[in-house]
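# Reading the structure
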Amino acid sequence: MKRMKTSTIIGPALANIPWEEKPSGYRYPVWRYSQNPIVPRDAIPLANSIFNSAVVPFGKGFVGVFRVDDIHRVCGLHTGWSQDGIHWDIDHKPIRFSKAIKDLPYEYAYDPRVVKVGDRYYVTWCNGIHGDPTIGCAWTKDFRTYYAMENLTLPCNRNGVLFPRKIDGKFAMLSRPSDIGHTPFGNIFYSESPDLTHWGKNRFVMGTTGGWQRTKIGPGPAPLETKEGWLLFYHGVVTMCNGMTYSFGAAILDRDEPWRVLYRTRPYLINPREPYECLGDVSNVCFPVGLLADSRTGRLAIYYGAADTVIAVAFAQVDELIAYIKANSI
Ligand code: BMA
């Protein structure tokens, strides 16, 4: 009897995941979409740049929360809709949070992540309070009404990312404590909460090492559960003579104790080298924040902001990628 190959990804199939085969002869496990960038900087009126945005499957298509910096250079979050995950229709007006929590300051919002936990979608982002960055959070079921929640951390913190399921009965988060500026340091930590308001069990996950991840690192899209552990794409920064260069790699975290790092890439997976990654408002940035996965085929589509200006997509096949991470681990 023919045995079905069991899927490495623990999650639903996604038949309409955006996809393009790897160019023949390409050596590495993550490759760029040939039509990048998929969202130009001025896709909606008054946009200066659209980048660092998160997407999830929704209905027959996809929905996303987009970072839009406007022509006043104020950053905000906008909902976007797509049938194919490539062509996006982004709402012209920023998200307005319903039932905003009284007295909760809300000054700016950027770098959203979106993840479904149970029957709610949670949006987390870098939220300005009293001029300092912290992790904002809201939930929605329809991406039309968003309910604001308490901030998930004290300032200063950026890159708050929720896990797609509870760990040991608690909500779980990765985050990257920081400072108020262009933080010259940064390690990834794990925290748990029974209710998304009260947080504890703060554990160190991983820190800077050498090369492309020498200055700081931060979690990217929500971790993807696989049989081998949580697959986490993360950005890494090296400070060069012309500023910070943002690349990304991936790690595999223990499924039950995600603060334990099983493997982590020594080489980057994607680094700034295409013109749209090297030239823009902030040169040399590849910043992953969105991930789609199809458990049937093992296909992955990774959404990343390029040069803080536009959105690009890269693809990978999960088994090939995990084998590469293991073979090239620190
Ligand atoms: C980080 C954040 C990101 C940005 C990156 C590179 O600190 O501000 O939004 O992509 O810097 O400028």
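Scroll up a little and you will see the structure.
Residues numbered from 1 in each chain as written. Predicted model: local features only at pLDDT ≥ 70, side-chain atom pairs only at ≥ 80, totals over all residues. Heavy atoms only, no water.

A few words on the overall build of the chain. Summing up its helical and strand segments, the chain has 2 helices and 22 strands in all. Compactness check: the chain gives a C-alpha radius of gyration of 18 Å against a globular reference of 20 Å for 330 residues, within 12% of the reference. The 330 residues of the chain split such that 57% are buried. Taking the intrachain contacts of the chain between residues at least 6 apart in sequence as the baseline, contacts between residues at least 24 apart amount to 53%. (Helix = DSSP H or I, 4+ residues; strand = E, 2+ residues; numbered from the N terminus. Rg over C-alpha atoms; globule rule 2.2 N^0.38 Å. Buried < 20%, exposed > 50% of the residue type's maximum accessible area, 1.4 Å probe, protein only. Contact = heavy atoms within 4.5 Å.)

Take the sheet that holds strand β4 (residues 75-82) next. Hydrogen bonds between backbone groups are what pair the strands of a sheet, and the pairing can be parallel or antiparallel. Strand order in the open sheet made by the 4 strands is β2-β3-β4-β5, with antiparallel pairing throughout. Two strands bound the open sheet, and with one partner strand each, they are β2 (47-58) and β5 (89-90). Direction of pairing for β4 relative to β5: antiparallel, over a ladder of 2 bridges. Looking across to β5, one finds that glycine 80 is bridged to isoleucine 90. (Pairing = 2+ DSSP bridges.)

Another point: the side chain of threonine 8. One can find threonine 8 in the segment before β1 (30-32). Residue classification places threonine 8 among the buried residues on the basis of a relative accessible area of 12%. Here aspartate 319 takes part through its side chain, which lies 2.5 Å from a polar atom of the side chain of threonine 8. Not counting residues within four places of it along the chain, the set of residues in contact with threonine 8 comprises Glu225, Thr226, Lys227, Glu228, Val318, Asp319 and Ile322. (Polar contact = N/O pair within 3.5 Å; in protein donor to acceptor, adjacent residues only side chain to side chain.)

A few words now on the nonpolar core. Counting 27 residues, the largest nonpolar core has Val30, Leu231, Phe233, Leu300, Tyr304 and Leu321 as its most contacted members. Elements that contribute at least two residues to this core include exactly β17 (229-240), β18 (243-253), β20 (286-294), β21 (299-306), β22 (310-317) and α2 (318-327). Top element by residues in this core is α2. It accounts for 5 residues. (Core = buried A, V, L, I, M, F, W, Y, C linked by side-chain atoms within 4.5 Å.)

The immediate surroundings of the ligand are formed by Asn52, Arg67, Tyr110, Asp111, Tyr246, Val282, Val285, Phe287 and Asp308. A distance of 3.0 Å separates an oxygen atom of the ligand from a polar atom in the side chain of tyrosine 246. Within the contact set of the ligand, an oxygen atom lies 2.6 Å away from a side-chain nitrogen or oxygen of aspartate 308. Protein chains shield 87% of the accessible area of the ligand, which is 300 Å² for the free molecule. (Near = heavy atom within 4 Å. Areas by Shrake-Rupley, 256 points an atom, 1.4 Å probe, with all protein chains shown as cover.)

The next subject is the sheet that holds β1. Read across the sheet, 4 strands follow the order β1-β22-β21-β20 without closing on themselves; strand pairing throughout is antiparallel. The strands lining the two open edges of the sheet, one partner per strand, are β1 and β20. Neighbouring strand axes in the sheet, compared pairwise and without regard to direction, differ in orientation by 30° on average. Inspection of the sheet shows β21 paired to β22 by 8 bridges, in the antiparallel sense. The residue of β22 that forms the bridge with tyrosine 304 is alanine 312. Against the sheet, α2 contacts β1, β21 and β22, and its axis sits at roughly 85° relative to β22. (Axes fitted to C-alpha atoms, helices over the stretch in contact; angles between N-to-C directions.)

Treat this as a map of the structure, not an account of what it does.
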